[in-house]
Amino acid sequence: MRLIGTVSPDRPLLVVAVREEAAHLDERLPVLLTGIGKINATAALATVLACGELPSQVVNLGTAGALKPGWEGTHEVASVLQHDIDTPVLKALTGRTYGAPIDLGAAGGPTLATGDLFVSDPAARDRLALSADLVDMEGYAIATVARRAEVPVRLVKHVSDEAGEGADRTWRESVDGCAKVLAAWVRDHLH
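Residues numbered from 1 in each chain as written. Predicted model: local features only at pLDDT ≥ 70, side-chain atom pairs only at ≥ 80, totals over all residues. Heavy atoms only, no water.

With respect to the nonpolar core
And then number 1: Counting residues in each nonpolar core, the largest one holds 28 residues, and the members touching the most others are L45, V58, V80, L104, I142, V153 and L155.
And then number 2: When residues of this core are traced back to their parent elements, those giving at least two are β2 (13-16), α1 (38-50), β4 (58-66), α4 (139-148) and β10 (153-161).
And then number 3: Top element by residues in this core is α4. It accounts for 6 residues.
And then number 4: Contacts of V80, omitting those with residues within four sequence positions, involve P101, I102, L104, L112, T114, G139, Y140, A143 and L155.
And then number 5: Core analysis: the second largest hydrophobic core is formed by 15 residues, L14, A22, A183 and L190 among them. (Core = buried A, V, L, I, M, F, W, Y, C linked by side-chain atoms within 4.5 Å. Buried < 20%, exposed > 50% of the residue type's maximum accessible area, 1.4 Å probe, protein only. Helix = DSSP H or I, 4+ residues; strand = E, 2+ residues; numbered from the N terminus. Contact = heavy atoms within 4.5 Å.)

Following this line, the structure appears as structure tokens:
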């Protein structure tokens, strides 16, 4: 975890998993580098939000894999779900729902599936495509922490790969270009 800049109530906090995705962000807004995965994202954002002033909003920027053909470019996520928790079984056992989808209100945006698995297997991709359009490893955790802290949250994802065979290679080759596009999105949409 690394916080670059100072969090204040008049500015958004940009939350990014790794430095490669933040490489082209300027120093105008604070940036939190969380590390990869739900636990790192949860611990980092919860720590920052608990230790001082709250930002005007949390904006999670990052790369995502496309689960269906035709998804490319940059998207603000409409809803996010957790794909690696067995919500129906847990509800049957406890009577309570864990891991329910979160509606983020970005009309027309994709559904994002978050889990602690880098999806590079075509069978896993096809299974996830039944309920989501894109996949990442931090979005659900960030949305959950921000909502619990009562801070508005947005998830903005740039498609880096097709979440299938060779996705790891494609991500390494495309992450810098994705970081440039995400930095341009910040300049155009956050004032």
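Alright, that's what it looks like, and here's the rest.
Side note on the pairing of β2
And then number 1: Burial along β2 is two-sided: the face carrying L13 and V15 and the face carrying L14 and V16 are both buried.
And then number 2: Looking at chain direction, β2 and β4 are connected through 3 bridges and run parallel. Note that in β4 the partner of L13 across the bridge is V58.
And then number 3: Summarising the sheet, β2 and strand β3 (residues 31-33) pair through 3 bridges and their orientation is parallel. (Pairing = 2+ DSSP bridges.)

Things to note about unusual backbone geometry
And then number 1: Phi is positive for E150, which is not a glycine, with a value near 60°.
And then number 2: Topologically, E150 is positioned in the loop between α4 and β10.

Concerning the environment of R11
And then number 1: By secondary structure assignment, the location of R11 is in the loop between β1 (2-4) and β2.
And then number 2: C-alpha separation for the pair R11 and L190, spaced 179 residues apart in sequence, amounts to 8.9 Å.
And then number 3: In contact with R11, other than residues within four places in its own chain, are T6, R28, L29, P30, P55, S56 and Q57.

A word on the packing of α1 against α4
And then number 1: The interhelical angle for the contact between α1 and α4, taken along N-to-C directions, is 25°, at an axis separation of 8 Å. With respect to their mutual orientation, α1 and α4 come out roughly parallel. Here the hand of the crossing between α1 and α4 comes out right-handed. On α4, the residues that touch K38, A41, T42, L45, A46 and L49 of α1 are A141, I142, V145 and A146.
And then number 2: For the contact of α1 with α4, the class distribution of residues is 8 nonpolar, 1 polar and 1 charged. (Axes fitted to C-alpha atoms, helices over the stretch in contact; angles between N-to-C directions. Parallel < 35°, antiparallel > 145°, perpendicular 65-115°, else oblique. Left-handed = near helix turned anticlockwise from the far one by under 90°. Nonpolar A, V, L, I, M, F, W, Y, C, P; charged D, E, K, R; others polar.)

Describing the pairing of strand β8 (residues 111-114)
Residues in a regular strand project their side chains so that they alternate between the two faces of the sheet.
And then number 1: Going residue by residue along β8, you find T111 and A113 tucked away on one face and L112 and T114 tucked away on the opposite face as well.
And then number 2: Two elements, strand β6 (residues 79-82) and β8, share 4 bridges in a ladder whose sense is parallel. For L81, the partnering residue across the bridge sits in β8 and is A113.
And then number 3: On the question of chirality, the crossover connecting β8 to the parallel strand β9 (residues 134-136) by way of helix α3 (residues 122-128) is right-handed. (Right-handed = clockwise from strand over helix to strand, strands pointing away.)

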